[in-house]
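Coordinate analysis (summary)
Letter by letter, the chains look like this.
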Amino acid sequence: MRYLLYAALLVLCFPCFAACPKGAPPADVLWCADISGLPFDEQLFFSSLQGITAQTRPRIYLVREKEGFEKEWAELYIKKGYIKKVVRIEPGALCRRFAKELKGAVVWDRNLSSTVNAACAAASVDRLAVCTPELAERLSLPVKLDLRGRFSRDTEVYAWVMEKYGSRLSRRAVCSLEPTAAGAWLRDYLIQHGIFTFWIRSPKSGIRGGGPGDEAFMQALLKHFPANIPVLGFWQAGDTDEGVTEYGGLKLAGASGKYTVVSDWAPNLSVHSGIPAPGALRQKGPRRLAYDEKQKYVAVTQYESGDCPWFWQRLQRKNWLQEEHGKYPMNWCLGPNTLDLMPGILEWFYANASPLDCFFAAMSGAGYTMLGAIGGPEARKTFLRETEAYMERLDLSVVSVHTDHWFAPPLPKEAYEGYAALSGVKAVLADFGRNETLPAERYAEFCGGVPVIHTQNRWDIATNKTEDLTRDILNARGQFISVMALSWSMGPREIYKALEALPEGYVPVRADEMAQLMEQKKARENDK
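Computed from a predicted model, the values in this text were never measured in an experiment. Per chain, residues are indexed from 1 in the order of the written sequence. Local features in this predicted model are restricted to residues of pLDDT 70 or higher, and side-chain atom pairs are both shown and tallied only at a pLDDT of 80 or more, whereas totals for entire chains, interfaces and linings draw on every residue. Computation of side-chain values covers all heavy atoms of the structure but excludes hydrogens and water.

1. Section: the environment of Glu494
Under the scheme used here, helices are H or I runs from DSSP no shorter than 4 residues and strands are E runs no shorter than 2 residues, and both carry numbers assigned from the N terminus. Mapped onto the elements, Glu494 comes out in helix α19 (residues 492-500). It only takes one pair of heavy atoms within 4.5 Å for two residues to be counted as in contact. Excluding anything up to four places from it in sequence, Glu494 contacts Thr466 and Ser489. Any N or O atom pair separated by 3.5 Å or less is treated as a polar contact, with the protein-specific requirement of one donor-capable and one acceptor-capable atom, and with residues adjacent in sequence counted only for side-chain atom pairs. In this structure the side chain of Glu494 is engaged in a polar contact, spanning 2.8 Å, whose partner is the backbone nitrogen of Gly491.

If you want it as structure tokens, here you go:
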């Protein structure tokens, strides 16, 4: 009954479609504590406190890194009138202030880290703060649930969670999150909304709890959740545990009709997702350029990372504060779910975009997936409808499609028909990096009357430099050149230098402008 009432409230408050759950708007006053220097177990406790209290209304705001932008986003919300003020408070005082909203503590097992995910389910349903035994004693919280020594394998943990809490957990999303990675940054949002959270360990990790059959077990479990819902978090955890790997996770999710929203490093989503920012945004339109057969047109794209909502929250703002931002045409990959999870932050980017900035829908639409990974025709149709709805709300006319790894057989151009048929789509950006098997004559083609533009370069994160991007452009074939600038090593400053080094005859353009130019060329050829 609780979730039926909650869903009804969402429909009234947020009439526009949102794949990711949204909470109530934050209170006028946010209590802000800096927990950046605390150990993981204490950060996890404060995340659970934040998530539990946010079920009533978001009132806690946590600073998790000294060099981040959380303070700046809070100041923006005050300026926009979304909140009235932020009160700084010590972590200990924060605990005392909200202790009455807790019903006790749940203790997780240090010897089986998957119990962290189980403890967070208990926190959401029974309002129990996630603690170690020592922390519960120090905070004088009665232990209502002790998970130590109860399980020997991860699959036992997740089966228990579904049996005990499954009927009271959300049906709108699930989450893949390594239990002790990412600093517990996403936990407040997961606990706020009661989102089932799991992790599939890599056999190579050597961490206790995993074993043969884990992937098949979770595949079967995920089928009990609806299709076309997001899998939050991520599928691998860097050096901690590579999990089922990024692409393995995309395929696993797609088999049950789900897609990924990369959000493992996203702090304070319980607050950010509730900001009552506008439900639709408008970007600045493209220039009207005249086609010149003597010119080569270059669209520099940032495919990678923009599909992660947390990237806009953190690293992308740093990029946009560089003085070179806005001096040249640039195409920014945008995960549509960012509108659900941090609308106030996205509103800032739209307001601060230059006329040369072009936002386009991330890989491969409503969520991160690969073309063909979403299993079942009905799930694929729904995914495309959701993609269309998001693109309308975000004023996106270009969509990028992740086709598979670099050496996969090239897909026929008809494979893009579903995207080309979407209302308002003016271009499709294909291939996450140059596909070695794609014939050169297909680098810029048409599908259903819509330009399909393929990426012509690759990159090495360890060595990627400005001169590499210049070289990639000069080595590209054809008149219409799409190249990717890797987000981890290239911001506006580096991209600007790469474009400045090009000789005459190379014209940087937005992706929607390139689509117009391709249409002009085609019309001229038809007239002949």
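2. Considering the packing of aromatic side chains
We call Phe, Tyr and Trp rings a pair once their centres come within 6.5 Å, taking the six-membered ring for Trp, and we label the pair stacked below 30 degrees between planes, edge-to-face above 60, and tilted otherwise. Inspection of every chain in the model, using the stated rule, returns 30 aromatic pairs. For the pair Trp310 and Phe311, a centre-to-centre distance of 6.3 Å together with 70 degrees between the ring planes defines the contact as edge-to-face. Any residue under 20% of the maximum accessible area for its type is buried, any over 50% is exposed, and the rest in between are partly exposed; the area is computed with a 1.4 Å probe on protein chains only. Classification of Trp310 as buried rests on a relative accessible area of 9%. Look at Tyr328 and Tyr496: their rings are 6.0 Å apart centre to centre, the planes differ by 35 degrees, and that puts the pair in the tilted class. Taken as a pair, Tyr328 in the loop between α13 (315-320) and β12 (330-334) and Tyr496 in helix α19 lie far apart in primary sequence, 168 residues in all. Residue class for Tyr496 comes out partly exposed when judged on its relative accessible area of 25%. Note on geometry: a ring has a charge over it if NZ (lysine) or CZ (arginine) is within 6 Å of the ring centre and within 35 degrees of the ring normal. A cation over an aromatic ring shows up here: Arg317 above the ring of Trp348, its NZ or CZ 4.7 Å from the ring centre. Above the plane of the ring of Phe446 lies Lys522, whose end atom (NZ or CZ) is 4.2 Å from the centre.

3. Here we look at the sheet that holds strand β5 (residues 129-131)
Adjacent strands of a sheet form backbone hydrogen bonds with each other and so pair up, either parallel or antiparallel. The pairing criterion is simple: DSSP has to find at least two bridges between the two strands. Pairing is parallel in the open sheet, where 3 strands are placed in the order β5-β4-β6. Single-partner strands in this sheet number two, and they are β5 and β6 (143-146). Shown here is a sheet whose adjacent strand axes are inclined to one another by a mean of 30 degrees, direction ignored. Note that strand β4 (residues 105-107) and β6 share 3 bridges and pair parallel. Its bridge partner lying in β6, Val107 is registered against Asp146. Helix axes are fitted only over the stretch in contact, all axes being lines through C-alpha atoms; the angle between N-to-C directions runs from 0 to 180 degrees.

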